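Chain and residue survey
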Amino acid sequence: MAELKYWLWLAGMHRAGIRNQLALLDHFGSPEEVFFASDRELETVLGPDAALFRDRELKSATETLIRARELDLNILTLRDASYPERLRNIFDPPLVLYVRGRLPDMDEETAVA
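The present account deals with the structure reproduced in this document.

Basis of the calculations
- In this numbering scheme, every chain counts its residues from 1 along its sequence in written order.
- A pLDDT threshold of at least 70 governs which residues receive local features in this predicted model, and a stricter bar of 80 or more applies before side-chain atom pairs are shown or counted, although totals over entire chains, interfaces and linings include all residues.
- Excluding hydrogens and water, the side-chain values take into account all heavy atoms of the structure.
- Each helix corresponds to a stretch of at least 4 residues labelled H or I by DSSP, and each strand to a stretch of at least 2 residues labelled E; elements are numbered beginning at the N terminus.
- We call two residues contacting when some pair of their heavy atoms lies within 4.5 Å.
- Grouping buried Ala, Val, Leu, Ile, Met, Phe, Trp, Tyr and Cys residues that are joined through side-chain atoms within 4.5 Å yields what is termed a nonpolar core.
- Categorising residues by exposure relies on relative accessible area from a 1.4 Å probe, with only protein chains included: less than 20% of the type maximum marks a residue as buried, more than 50% marks it as exposed, and the intermediate range marks it as partly exposed.
- The rule is short: rings of Phe, Tyr and Trp, with Trp giving its six-membered ring, pair when the centres are within 6.5 Å, and they are stacked under 30 degrees, edge-to-face over 60, tilted in between.
- Definition used: whenever NZ (Lys) or CZ (Arg) falls within 6 Å of the ring centre and also within 35 degrees of the ring normal, the charge is taken to sit over that ring.

1. A short note on the side chain of Thr77
In this structure, Thr77 sits in strand S1 (residues 74-77). With near-sequence residues (within four places) excluded, Thr77 lies in contact with Leu4, Trp7, Tyr83, Leu95 and Val96.

2. Quick look at the environment of Ser82
Along the chain, Ser82 turns up in the loop between S1 and helix H6 (85-88). As a C-alpha pair, Ser82 and Leu103 span 21 residues in sequence and 8.6 Å in three-dimensional space. Residues contacting Ser82, with those up to four places away along its chain left out, are Leu76 and Leu103.

3. A short note on the nonpolar core
Formed by 33 residues in total, the largest nonpolar core has its most connected members in Trp9, Leu42, Phe53 and Leu95. At the level of elements, helix H1 (2-11), helix H2 (18-28), helix H3 (31-36), helix H4 (39-46), helix H5 (59-70), S1 and strand S2 (96-99) are the ones that each hand at least two residues to this core. Examining the composition of this core, we find that 7 residues originate from one element, H1, more than from any other. Ignoring any residue separated from it by four or fewer positions in sequence, one finds Leu95 in contact with Trp7, Leu10, Ala11, Ile18, Gln21, Leu22, Leu25, Leu76, Thr77, Leu78 and Tyr83.

4. Re the packing of aromatic side chains
Evaluated as defined, the whole model comprises 5 aromatic pairs. Judged by centre distance (5.0 Å) and plane angle (90°), the rings of Trp9 and Phe35 are edge-to-face. Linking Trp9 in helix H1 with Phe35 in helix H3, this pair joins segments that are 26 residues apart in sequence. By relative accessible area, which is 4% here, Trp9 ends up buried. Relative to Phe53, the ring of Trp9 has its centre 6.4 Å away and its plane inclined at 65°; by these criteria the two rings are edge-to-face. Of this pair, Trp9 sits in helix H1 while Phe53 sits in the loop between H4 and H5, and the two are 44 residues apart along the sequence. We classify Phe53 as buried; its relative accessible area is 0%. When the ring centre of Phe91 is taken as origin, the NZ or CZ atom of Arg19, which lies over that ring, is 4.2 Å away.

Below, the structure written as structure tokens:
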């Protein structure tokens, strides 16, 4: 559960864009490592876009966790085994999914978008 707040922090960095978020995940391995990376380390991966990740505030992520619990929502991360494989393989997959109830087996269903 503690790791989940770092996923929510990273997913909440909307201005940075999913490509930057994924690049950091690929480089550091986890959102927690991204959170604790130095500004210099972030700059090595993102260059000037690293400035978008200087906000190291977890208040919003903690509030989201509390609210999800109140609403009986499950939060799936991109690295969770139950995260839909088809969604994981799109160009810009969401880092987290909020699920109420049981997630349908999306990988087995025909889908058109």
